[in-house]
Amino acid sequence: MDTQTLDTAAVAAFLKDRLPGFDKSIEATKFAGGQSNPTFLLQTHARNYVLRRKPLGQLLKSAHAVDREFRVQKALYGSDVPVAKMHVLCQDPAVIGSDFYVMDQVVGRNFNEPTMDGVGNEDRSAIISDMNRVLAALHDIDVDAVGLSDFGPPGHYLERQVGRWTKQYRASETQNIPSMNKLIERLEADMPPDDGQRTLVHGDYRIDNMIFETEGTRCLAVLDWELSTIGHPYADLASVIMQWQLPAGPQGRGLMGVDRAGLGLPSDAEFVASYCERRGLDRVDRFGFFVAFCFFRMGAIIQGVLKRAIDGNASNPERAMQLGAFVPVFADNGLQALNNDK
């Protein structure tokens, strides 16, 4: 099953009467990044768009929900949370073999690593500050006002998420990883009580899922909303810190061992404090648990990526196999975060 190409003729025929001003002569180029939903740049004589589709082949239940991505970004467009403009959602797999949607192309800078090589210290600091601003704005969105009150089920978000990702992990398990088993056990046994906080959450909030101004430091769009739902805001905050605790470089894409002050980057505590100030919070309770949960969830996601590579329907097979080796690392880091939980 080929996830690297796109039937542009079928796409053009579908969009012809659904996208005003659409130029039917298109070229498609797949973006190299991303492991979940294959994403393509659509180039026309008039303008460019981006198409994001479900992968082909057998998929895990509830995964790759492009319809949810489309809905949440359409609802957020024009708010304090910058997103691309949505155009068309196709839920007829007969068109190109899987569901897809088309949105505007947002032109700007995308940073694969939080060190942002080649960026000056002042701009690094400003970019991370805006990343913090957008996160706080996301969690202050009135879900009723934007029509997303039913975007996630009620109840204990953490309990629901640990249960869901445990099932996803077991469904894609390719080998026994004792540390992952232990992490699941401890998350289930030591879960904090539901404190009633319920906001819109992105689910994979990190700098490589954002586009910033080409010459400035303001965020122009938050990308990859596949895991978005109504949930606990601290999980998004912990997602940022989780990534920063990984090894620096193209594999870990974290800040472990990096002289942050020397690069104009905040410490974990400083980033959390800025978020709390923006949202009027005194502190974040049980933050270690949230970080551990994020390590677990990302480990489960990467396990699914590895399974798709083995099955032959990964978006980037070579990168998927490399990522698969990190599942035990995520599990070990999750256990360490639980040990540090207060």
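What you see is a predicted model; the values in this text were computed from it and never measured. (Residues numbered from 1 in each chain as written. Predicted model: local features only at pLDDT ≥ 70, side-chain atom pairs only at ≥ 80, totals over all residues. Heavy atoms only, no water.)

1. Description of the overall build of the protein chain
No. 1: When helices and strands are counted, the protein chain shows 11 helices and 9 strands.
No. 2: C-alpha extents for the protein chain along the principal axes are approximately 55 × 45 × 40 Å.
No. 3: Looking at the protein chain as a whole, 55% of its 342 residues are labelled buried.
No. 4: Considering only contacts within the protein chain whose residues lie at least 6 apart along the sequence, 71% involve residues at least 24 apart.
No. 5: Of the charged side chains in the protein chain, 36 are positive and 44 negative, and the gap between their average positions amounts to 4 Å. (Helix = DSSP H or I, 4+ residues; strand = E, 2+ residues; numbered from the N terminus. Buried < 20%, exposed > 50% of the residue type's maximum accessible area, 1.4 Å probe, protein only. Contact = heavy atoms within 4.5 Å. Lys, Arg positive; Asp, Glu negative; His and termini not counted. Charge placed at Lys NZ, Arg CZ, Asp CG, Glu CD.)

2. Some words on the packing of helix 9 (residues 287-311) against helix 11 (residues 327-339)
No. 1: Between helix 9 and helix 11, the least distance of the axes is 8 Å, while the angle of their chain directions is 170°. Considered as vectors, helix 9 and helix 11 are oriented roughly antiparallel to each other. Across the interface between the two elements, Gly 288, Phe 289, Val 291, Ala 292, Phe 295, Met 298, Gly 299, Ile 302 and Gln 303 from helix 9 touch Val 327, Phe 330, Asn 333, Gly 334, Ala 337 and Leu 338 from helix 11.
No. 2: Within the contact of helix 9 with helix 11, the residues separate by chemical class into 10 nonpolar, 5 polar and no charged. (Axes fitted to C-alpha atoms, helices over the stretch in contact; angles between N-to-C directions. Parallel < 35°, antiparallel > 145°, perpendicular 65-115°, else oblique. Nonpolar A, V, L, I, M, F, W, Y, C, P; charged D, E, K, R; others polar.)

3. A few points about unusual backbone geometry
In terms of backbone geometry, most residues other than glycine have negative phi values and most peptide bonds are trans.
No. 1: The residue Met 116 is not glycine, and still its phi comes out positive at about 50°.
No. 2: Note on placement: Met 116 falls in the loop between strand 5 (100-104) and helix 3 (121-139).
No. 3: Positioned with a positive phi, Arg 253 is a non-glycine residue whose angle comes to about 55°.

4. Let's talk about the pairing of strand 5
No. 1: With 5 of 5 residues buried, strand 5 is to be regarded as a mostly interior element.
No. 2: The sheet contact formed by strand 3 (residues 48-53) and strand 5 spans 5 bridges and is antiparallel. The residue bridging Arg 52 from the neighbouring strand is Tyr 101, located in strand 5.
No. 3: Note that strand 4 (residues 86-90) and strand 5 share 4 bridges and pair antiparallel. For Val 88, the partnering residue across the bridge sits in strand 5 and is Val 102. (Pairing = 2+ DSSP bridges.)

5. Notes on the layout of surface pockets
No. 1: The computed volume of the second largest pocket comes to approximately 500 Å³.
No. 2: For the second largest pocket, the lining is made up of 20 residues, of which Gln 245, Phe 287, Gly 288, Val 291 and Asn 340 are closest to its centre.
No. 3: When residues of the lining of the second largest pocket are traced back to their parent elements, those giving at least two are helix 8 (268-279), helix 9 and helix 11.
No. 4: With 5 residues, the top contributor of residues to the lining of the second largest pocket is helix 8.
No. 5: Partitioned by chemical class, the residues of the lining of the second largest pocket number 10 nonpolar, 5 polar and 5 charged. (1 Å grid on protein atoms, 1.4 Å probe; cavity = no way out; pocket = protein on both sides within 12 Å on 5 of 7 lines; lining within 4 Å. Points joined across faces, edges and corners; volume = space filled by probe spheres on them.)

6. Some words on the pattern of salt bridges
No. 1: Summed over the entire model, instances satisfying the criterion amount to 15 salt bridges.
No. 2: The partner of Asp 104 in a salt bridge is Arg 47, with the nearest N and O atoms 2.5 Å apart. Taken together, the residues Asp 104 in strand 5 and Arg 47 in the loop between strand 2 (39-44) and strand 3 connect sequence positions 57 residues apart.
No. 3: For Arg 47, a relative accessible area of 37% translates into the label partly exposed.
No. 4: For the salt bridge of Arg 133 with Asp 130, the shortest nitrogen-to-oxygen distance reads 2.5 Å. Taken as a pair, Arg 133 and Asp 130 lie in helix 3 at a separation of 3 residues, close to a single helical turn.
No. 5: Residues joined in a network through salt bridges with shared partners are Asp 204, Arg 206, Asp 208 and Arg 253. (Salt bridge = Lys/Arg side-chain N within 4 Å of Asp/Glu carboxyl O.)

7. A look at the packing of aromatic side chains
No. 1: The tally for this structure, following the rule as stated, stands at 8 aromatic pairs.
No. 2: Seen from their ring centres, Phe 111 and Phe 212 are 6.0 Å apart, and the 45° between their planes marks the pair as tilted. Remark: Phe 212 occurs in strand 7 (residues 210-212) and Phe 111 occurs in the loop between strand 5 and helix 3; sequence separation between them is 101 residues.
No. 3: Its relative accessible area of 8% is what places Phe 111 among the buried residues. (Phe/Tyr/Trp six-rings, centres within 6.5 Å; stacked < 30°, edge-to-face > 60°.)

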